[in-house]
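Listed here are the chains, written in short residue letters.
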Amino acid sequence: MKQTIRLFLVALFAGAITLGGYKFFEKKETISFAPQQTSNYIPTNFSSTAEGMNTDFTEAADKTVHAVVHVKNTTVSRQPTNIMEYFQGGGQPRAMVGSGSGVIISPDGYIVTNNHVIANASNLEVTLNNNKTYTAKLIGTDPNTDIALIKVDGDDDFPFIPFGDSNNIKIGEWVLAVGNPFNLTSTVTAGIISAKARDLNQFDGNPQSFIQTDAAVNRGNSGGALVNTRGELIGINTAITSETGSYVGYSFAVPSNNARKVIEDILEYGNVQRGILGIQVGNLNSDLAKKLGVDETQGVYVGGIEKGSGADKGGIKEGDIIKKLDGVTVNKFADLAGYLGSKRPNDVVEVTVVRNGNEKTIPVTLVKLETFSIDDLGLEVKNTTSSELKARGLKNGVTVTRALTPDVAQYKLEGIIITQLNDEVVNNINDVKRIMSQRDYRTPIKMTFMDTAGNINSFIFR
């Protein structure tokens, strides 16, 4: 019996030691285990991942949906009913109605939209999210950026969307597109920023620098808001690329910094003030870098300097590679054009260049881009520099910067140099203004020019 008790006590004691040891080592393991002591430890941030997965767009949508309006554009044109009216003018008036979106940007009723939404309007009607309708008046437009400013008046303050800084947006950032597609009011879609500084047509003579997103945008969204998750305006939805005319996954917006600058110019000056560096440029790539004998494959290559320009006075040299503007990275010409689109003449820009392998920052004062629209020809022209004339073997002429209508655009006249109008020598845009103001509107216009291949041609516009 004693032997049995003794064995039982020994077993009990041993069990206690075993259990105590297990608890001891369990505690030690829990305390001492740390990922840093594991050689294959992979860093994670679960809190950030959870926040990203639970992104809430309701606050941004609520802040913005009431400030995005439906814009109805009524255009009246005369349709000829017989052959005499076709040749001599006249006909029955016919109203055509188009629609789009707009963004209220101030409590007193200023609204930004696209130029193509309100083009040729004889009447503009704006409907808010609360179904109240107002008659809007046109304040100003800029076809270059496809931005227009209109205004409505009311007894109370209007809801509005504050501007954000489009220079600070990042690829992969969540955004909302707010608009009125297919006349469906107050529609909100979500996506991310897919790319920045997109130029949809590098050969149209009109530098573009769109924000690209995958937020769904369709007909009627034009002029609507692209906002970040804080409800700040970072873009004006403007275009889609599609073979069907409907959304296929890509949409494009004018950056808010550029739109805001256009609006401020319209309000202050009545037209848009464009500042330029005064350089001739080329986009770098592997082939061009090899040809030029440089190591850089990103940036803007300076191929020439306009005499007397800000770049000339500041010390930019031919062969420099522009890498940054005011610290903002420049990988291609669209980056440069987009940033300068938010600046004015006489603004000073810090230009960072690579020269002979060394990086250098040069302050450059922007000069004004002088242009003139020849409405009767559907062309916009600018003064041609002496270096550009010399390179083309010419003594005089103005350069066509872009076509103003789709009908003229099909002839690909961007880059030609007009040397004469109605057989009068053209030295600058002042000559163009004088010749066009003195002509009888019923007479044809003869335009003599050098094309981009170096051939002299003449067109007669009737």
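Keep in mind the model is a prediction, meaning the values are calculated, not measured. (Residues numbered from 1 in each chain as written. Predicted model: local features only at pLDDT ≥ 70, side-chain atom pairs only at ≥ 80, totals over all residues. Heavy atoms only, no water.)

**So, the overall build of the chain**
And then number 1: Within the chain one finds twelve helices and 27 strands.
And then number 2: Within the chain, the proportion of its 462 residues that are buried is 42%.
And then number 3: Pairs at least 24 residues apart make up 56% of the contacts formed inside the chain by residues separated by at least 6 positions.
And then number 4: Approximately 25,700 Å² of the chain is accessible, and the part contributed by carbon and sulfur atoms is 51%. (Helix = DSSP H or I, 4+ residues; strand = E, 2+ residues; numbered from the N terminus. Buried < 20%, exposed > 50% of the residue type's maximum accessible area, 1.4 Å probe, protein only. Contact = heavy atoms within 4.5 Å. Areas by Shrake-Rupley, 256 points an atom, 1.4 Å probe, with all protein chains shown as cover.)

**Quick look at a negative patch on the surface**
And then number 1: Taken together, D108, D155, D156 and D157 make up a surface patch of like negative charges.
And then number 2: Within the element layout of this structure, D155 appears in the loop between β6 (147-151) and β7 (174-179).
And then number 3: Here D155 falls in the exposed class, since its relative accessible area comes to 83%. (Patch = residues over 30% accessible without salt bridge, like charges linked within 9 Å, V, L, I, M, F, W, Y side chains within 5 Å. Salt bridge = Lys/Arg side-chain N within 4 Å of Asp/Glu carboxyl O. Lys, Arg positive; Asp, Glu negative; His and termini not counted. Charge placed at Lys NZ, Arg CZ, Asp CG, Glu CD.)

**Points about the sheet that holds strand β8 (residues 187-198)**
And then number 1: In space, the six strands of this closed barrel follow the order β7-β8-β9-β12-β11-β10, with antiparallel pairing throughout. Recorded for the sheet is a direction-independent mean angle of 45° between the axes of neighbouring strands.
And then number 2: In the sheet, strand β10 (residues 225-228) pairs with strand β11 (residues 233-240) via three bridges, with the strands oriented antiparallel. Paired with L226 across the two strands is G235, which belongs to β11.
And then number 3: Across the sheet, helix α6 (residues 256-269) is in contact with β11 and β12 (251-255); its angle to β12 comes to roughly 50°. (Pairing = 2+ DSSP bridges. Axes fitted to C-alpha atoms, helices over the stretch in contact; angles between N-to-C directions.)

**Some thoughts on the environment of A148**
And then number 1: Here A148 shows up in strand β6.
And then number 2: As for A148 and T113, which are separated by 35 residues in sequence, their C-alpha atoms are 5.3 Å apart.
And then number 3: With residues near it in sequence (within four places) discarded, A148 still touches I111, V112, T113, N114, N115, I118, G140 and T141.

**Comments concerning helix α12 (residues 429-438)**
And then number 1: All buried positions along α12 are accounted for by I429, D431, V432, I435 and M436. Along the axis of α12, the buried residues cluster in a sector spanning 150°; they form a single face. For α12, exposure combined with an orientation more than 90 degrees from the buried face picks out S437 and Q438.
And then number 2: On its buried side, α12 packs onto β21 (371-374), β22 (379-383), β23 (398-403), β24 (417-421), β25 (424-425) and β26 (445-450). (Arc of directions from axis to C-beta.)

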